[in-house]
Amino acid sequence: MKREAKMGLNHSEETHQRLVEKVPRCTGREMAEWFSLMNDGPSFLRFDDRVRWLSSEYALAHGHATAIVHEYDLVKAHRRMG
């Protein structure tokens, strides 16, 4: 059974939410589209690897890539629990 490595955020949940709100305007893509790209992308287990992939593949700022990966993880965890 694969276990996904997690990384803690270096900023508050409030800062994370503000970044998530800005992602569509700053990147031109909605979060659902980013989630789809992550689902179809490489299956990196480490948080940092997924952030680096998004940053390099889509020329994203590190903060936006981090927010996308963290939100993706939160949504996936919520689906598993719900």
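Residues numbered from 1 in each chain as written. Predicted model: local features only at pLDDT ≥ 70, side-chain atom pairs only at ≥ 80, totals over all residues. Heavy atoms only, no water.

J.: Would you mind going over the nonpolar core with me for this structure?
T.: A general tendency of soluble globular proteins is for nonpolar side chains to be buried together. Judged by nonpolar contacts, the single largest core of 17 residues is most densely connected at Met31, Trp34, Met38, Leu54, Leu60, Ile68 and Val69. At 5 residues, the largest contribution of residues to this core is made by helix 4 (residues 62-81). Contact partners of tryptophan 34, with chain neighbours within four places excluded, come to Val23, Thr27, Arg29, Leu54, Tyr58, Leu60 and Ile68. (Core = buried A, V, L, I, M, F, W, Y, C linked by side-chain atoms within 4.5 Å. Buried < 20%, exposed > 50% of the residue type's maximum accessible area, 1.4 Å probe, protein only. Helix = DSSP H or I, 4+ residues; strand = E, 2+ residues; numbered from the N terminus. Contact = heavy atoms within 4.5 Å.)

J.: Help me out: how do you make sense of the packing of aromatic side chains in this one?
T.: For any pair of aromatic rings, the description rests on two quantities: the centre-to-centre distance and the angle between the ring planes. Evaluated as defined, the whole model comprises 3 aromatic pairs. The rings of Trp34, Trp53 and Tyr58 are connected pair by pair, giving a single aromatic cluster. (Phe/Tyr/Trp six-rings, centres within 6.5 Å; stacked < 30°, edge-to-face > 60°.)

J.: Would you mind showing me how to read unusual backbone geometry here?
T.: A negative phi holds for most residues other than glycine; trans holds for most peptide bonds. Within the chain, alanine 59 stands out as a residue other than glycine whose phi angle is a positive 55°. Among the secondary structure elements, alanine 59 is positioned in the loop between helix 3 (47-58) and helix 4.

J.: Looking at this model, I keep getting lost on helix 1 (residues 13-27). Mind explaining?
T.: Because an α-helix packs 3.6 residues into every turn, residues spaced three or four apart end up facing the same way. For helix 1, built from 15 residues, the straight-helix expectation of 21 Å at 1.5 Å per residue is met to within 8% by its first-to-last C-alpha distance of 21 Å. Where helix 1 bends most, at glutamate 21, the angle is about 35°, and the proline proline 24 comes one to four residues later. Three or more residues of helix 1 are buried, namely His16, Leu19, Val20, Val23 and Pro24. Contacts made by the buried residues of helix 1 are with helix 2 (31-40) and helix 4. Backbone geometry just after helix 1 places glycine 28 at a positive phi near 80°. (Expected span 1.5 Å × (residues − 1). Bend = angle between axes of the 7 residues up to and from the residue.)

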